[in-house]
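What the coordinates show
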Amino acid sequence: MSGFWTYSVNECAGARVPVGTIEQVTSRWPGVFRRGAESDAAARRSQDNAVAAFLDMDKRQSIASAGVEAATALRPGDRLAALWADTEKQCFDAGAAYLAAVDQFDGIATAAARSAFDRATGLLHDASAAVDRFYGAHRDTLEQASAQFAATPRLVQDALTEADTARSTVDEQYAAYPSLREAWHELDVATTQLQSDQRDPVRARQHAATVRERAAALRAAVESAPGRQHEARTALSSVRTRIEAVRTRSEGIAPAFSSLLREFNAKSSADLSHNERSSARHIEQADEDLRAARSALDAGNPEHSLELATQARRHLADAEQLVDAVTDRVRLLRAVKADPKETEDKIRFKLRDAQQLALNRGLVAEWGSVLDAQLARIDRASTALTGTHPDYWSYLQDLDTISDFIAGVIERLRSSH
């Protein structure tokens, strides 16, 4: 029997196998099973590694992206967003490769699956490294911007609290003061804007700053309110004194205007003929404002009293200008009458400077005839001073016009160089 092979039937293949080889064949299957298990484990490790790499990259990208968004919002036009674009695209591409591998091979333990996840893991690691390089290069800017954004809710709440605190300082007896009402209203407007935009970090920070400013203004109005009574009484006393002073000065209009008519051409004072009457009206109006201001103070409204006092001062300033216009005209015309050539000589000297400048700059062809024409204008103004009462006022106005024109030419000559 030892010379014969004993055969068994291979049920899977339907072939005979020598009995002597059965033990050899069956002894190899455990190794096959172990290699299959190892392959499955490797594939699972590849997918696990890819998941970890994706989560790590996503976390890094989110932190950097939030910092870029914060910095760009706080400083519109900053180049940081443009610098971040390439790194962000690398992150998106790596994430897309990972998601594609998950979509195709999730739970599948094959060589192709392992290769896809390994490739995605490599791309994700590269993207994470790129994010780290970008963040390291711009760490201060990114962290500062992120911190500012993170602090925004607190800033909003602090500003609202500050507004409430400022409102609580308003004393009922001063609540009707215009300054307090206006400050309160402006604070309400700023608070409403802050509450409506508090989810927008940039606008919220801006509105929070405005709320703090308006709250400070309300507190300042509250602090100054008690002193308004004294301030108003002092102002009314000052206005009363000034009214008397301006009224006394206005008494000089009539004699001054009379001197103009006696000493000079009637044209020299024609524009001042209504000054006396107009000045008197302004003084009367200031007096009425003063009486109204006293009534407002007595009624417990010192701020309105101060407004009326300010209005009275404006009328008094107008009255003073009308008085000075007449008295100053007398002094001016008397000075010109005493030496008509003084002002004229100043203009001629100015004209010679302009001509010399045109010569030095080589611009005589352009400006020579223009400046020569001014000399003719000066001569005409001078020859117009004729008669018993020359029109010195028109003479001065003509010279002033010529002087202004020459000044303009000089400026253009200098700028042309």
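Everything discussed here concerns the structure shown above.
What counts, and where the lines are drawn
- Residues numbered from 1 in each chain as written.
- Predicted model: local features only at pLDDT ≥ 70, side-chain atom pairs only at ≥ 80, totals over all residues.
- Heavy atoms only, no water.
- Helix = DSSP H or I, 4+ residues; strand = E, 2+ residues; numbered from the N terminus.
- Contact = heavy atoms within 4.5 Å.
- Expected span 1.5 Å × (residues − 1).
- Buried < 20%, exposed > 50% of the residue type's maximum accessible area, 1.4 Å probe, protein only.
- Core = buried A, V, L, I, M, F, W, Y, C linked by side-chain atoms within 4.5 Å.
- Phe/Tyr/Trp six-rings, centres within 6.5 Å; stacked < 30°, edge-to-face > 60°.
- Lys NZ or Arg CZ within 6 Å of the ring centre and 35° of its normal.
- Polar contact = N/O pair within 3.5 Å; in protein donor to acceptor, adjacent residues only side chain to side chain.
- Arc of directions from axis to C-beta.
- Salt bridge = Lys/Arg side-chain N within 4 Å of Asp/Glu carboxyl O.

1. Description of the environment of Y98
Its location among the elements puts Y98 in helix 3 (residues 80–105). Put simply, Y98 and E276 are 178 residues apart on the chain and 94 Å apart in space, counted from C-alpha to C-alpha.

2. With respect to the side chain of Q47
Mapped onto the fold, Q47 is located in helix 2 (residues 29–74). The residues contacting Q47, other than those within four sequence positions of it, are F105, D106, G107 and F117.

3. Considering helix 7 (residues 178–196)
Here helix 7 contains 19 residues, and its C-alpha end-to-end distance of 27 Å stays within 8% of the 27 Å for a straight helix at 1.5 Å per residue. Listed in full, the buried residues belonging to helix 7 are P178, S179, L180, A183, L187, A190, T191 and L194. In this structure, the buried side of helix 7 is in contact with helix 6 (152–168), helix 8 (201–224), helix 9 (228–250) and helix 12 (302–338).

4. A few points about the nonpolar core
By size, the foremost hydrophobic cluster in this structure holds 32 residues, and its most contacted members are L260, V326, L333, I406 and L413. Those elements that provide at least two residues to this core are helix 10 (253–263), helix 12, helix 13 (340–360), helix 14 (364–383) and helix 15 (392–416). Take this core: its biggest share by element is 10 residues, from helix 15. Not counting the four nearest positions on each side in its chain, L333 is found in contact with L260, F264, S268, Y392, W393 and L396. The next biggest cluster of nonpolar side chains, apart from the first, holds 25 residues, and it includes V68, F105, A120 and Y135.

5. Quick word on the environment of F117
With respect to the helices and strands, F117 occurs in helix 4 (residues 111–137). Through-space distance from the C-alpha of F117 to that of S295 is 90 Å; in sequence the pair is 178 residues apart. Discounting residues that sit within four places of it in the chain, F117 has contacts with S46, Q47, A50, A101, V102, F105 and D106.

6. Some details on the packing of aromatic side chains
The geometry of an aromatic ring pair comes down to the distance between the two centres and the angle between the two planes. Following the criterion strictly, the structure yields 4 aromatic pairs and no others. Geometrically, the ring pair formed by F54 and Y98 is stacked, given 4.6 Å between the ring centres and 15° between the ring planes. Here the residue F54 occupies a position in helix 2, and Y98 occupies one in helix 3, the gap between them amounting to 44 residues. This pair shows no difference in class: F54 is buried, exactly as Y98 is. Seen from their ring centres, F264 and Y392 are 6.3 Å apart, and the 85° between their planes marks the pair as edge-to-face. In this pair, F264 sits in the loop between helix 10 and helix 11 (275–298) while Y392 sits in helix 15, placing the two residues 128 residues apart along the sequence. With relative accessibility at 3%, the residue F264 sits in the buried group. It is R329 that lies over the ring of W393; its NZ or CZ is 3.5 Å from the centre. Its end group placed over the ring of F264, K337 keeps NZ or CZ at 5.6 Å from the ring centre.

7. Some details on the side chain of R329
Its location among the elements puts R329 in helix 12. From its side chain, R329 meets the backbone oxygen of S268 in a polar contact 2.6 Å long. If near-sequence neighbours (up to four positions away) are discounted, R329 is found in contact with L260, S268, S269, D271, L272, D324 and W393.

8. Some thoughts on helix 6
For helix 6, spanning 17 residues, the distance from its first C-alpha to its last is 25 Å, which sits close to the expected 24 Å at 1.5 Å a residue. Three or more residues of helix 6 are buried, namely T152, V156, A159, L160, A163, A166 and R167. Viewed end-on, helix 6 has its buried residues packed into an arc of 120°, placing them on one side of the element. In helix 6, the exposed residues that point more than 90 degrees away from the buried face are P153, R154 and S168.

9. Points about the pattern of salt bridges
For the structure shown, the criterion picks out 26 salt bridges. Here D324 ties to R249 by a salt bridge, and the two come within 2.1 Å at their closest N and O atoms. Of this pair, D324 sits in helix 12 while R249 sits in helix 9, placing them 75 residues apart in sequence. With a relative accessible area of 25%, D324 lands in the partly exposed category.

Take it as geometry only, folks, not as evidence of what the structure does.
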